[in-house]
Amino acid sequence: MISVFRHVKPFSLITLVGSILISYGYLKSTGISDPATMFQTVFGGKPLNEILLKSLFVMIVLLLQVTLIDYIAFYVDNSDNLLVRYGNKNAWLKALLKGALMITAAFVILFYLIALLFDIVSNDFKGFQTINMNTVEVIARVYLFCVIIAFAQVYLLLKFTKANTFMIMVSILIFLALTNHYQDAFFYILPRSSSPMTTILHVLESIVLVIVLVVLIQRNMITKELSFHED
């Protein structure tokens, strides 16, 4: 389990801390000081009305991809050897996706905890933010969104080069940032706050999208295997 995190470069952690500090400082200057609200805003759950907010969103989600890239690339680039180790492609794929889920979870939780620490320090340790059900819901929604990003990255890296994958993901993130204010859309994967029924609907949509991505990844593996045998 711990071996999964050996693929995460220390530079990613340093960049994460710096990015959180920038995000927290900017949002605090705009009047947003609650860590949960800041957390939700940075991941697109609140309207990104300013260009800097849109830029922060793109930057943070790209940082997630940078954190994941070495782990995913290791499995993709060494797939032939790893398939021998795991015995079959299903075990290989399970290990790849499980590791991606773990790194994504660590990224999301660490992001919130560091933001919480910044909030405590900036307030001279005068108050401690309690974690309530609303906070847990926000963290869970952000994690689900990040899982979609992680699995989309896995799928694209199986089909394209790292450079092409990066360009495609940047394009997707810019599109999400530009359309973030259309929060009445039927299909919406960003972790926004809404009515209970709408929230459940969007959560279900996100879960379905995760399942679709897993199926696409599996099919891509089958196609690669067939192509290999044809060669």
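Residues numbered from 1 in each chain as written. Predicted model: local features only at pLDDT ≥ 70, side-chain atom pairs only at ≥ 80, totals over all residues. Heavy atoms only, no water.

### With respect to the overall build of the protein
Scanning the protein from N- to C-terminus turns up 8 helices and 0 strands. When the helices and strands of the protein are listed from N to C terminus, the series reads α-α-α-α-α-α-α-α. A compact globule built from 231 residues would reach a C-alpha radius of gyration of about 17 Å, and the protein, at 19 Å, matches this within 12%. With the C-alpha coordinates aligned to their principal axes, the bounding extent of the protein is approximately 65 × 40 × 30 Å. The 231 residues of the protein split such that 45% are buried. Intrachain contacts of the protein at a sequence separation of at least 6 include 74% that bridge at least 24 residues. Accessible surface, the protein as shown: approximately 12200 Å² in total, 68% of it carbon and sulfur. Considering the protein, the positive charge centre built from 16 side chains and the negative charge centre built from 13 side chains are found 3 Å apart. (Helix = DSSP H or I, 4+ residues; strand = E, 2+ residues; numbered from the N terminus. Rg over C-alpha atoms; globule rule 2.2 N^0.38 Å. Buried < 20%, exposed > 50% of the residue type's maximum accessible area, 1.4 Å probe, protein only. Contact = heavy atoms within 4.5 Å. Areas by Shrake-Rupley, 256 points an atom, 1.4 Å probe, with all protein chains shown as cover. Lys, Arg positive; Asp, Glu negative; His and termini not counted. Charge placed at Lys NZ, Arg CZ, Asp CG, Glu CD.)

### Digging into the packing of aromatic side chains
Counted according to the given criterion, the structure contains 10 aromatic pairs. On the numbers, 5.3 Å between centres and 65 degrees between planes, the contact of Phe 39 with Phe 43 is edge-to-face. You'll find Phe 39 and Phe 43 in the same group, each marked buried. An angle of 50 degrees between the planes, with centres 5.7 Å apart, marks the rings of Phe 39 and Phe 111 as tilted. One end of the pair, Phe 39, is in helix α2 (residues 35-42); the other, Phe 111, is in helix α5 (residues 89-122), with 72 residues separating them in the sequence. Each member of the pair, Phe 39 as well as Phe 111, is classed as buried. Through pairs of rings, three or more aromatic residues link up here, namely Phe 39, Phe 43, Phe 107, Phe 111 and Tyr 112. The aromatic ring of Tyr 188 is capped on one face by Arg 192, whose charged end is 4.5 Å from the ring centroid. (Phe/Tyr/Trp six-rings, centres within 6.5 Å; stacked < 30°, edge-to-face > 60°. Lys NZ or Arg CZ within 6 Å of the ring centre and 35° of its normal.)

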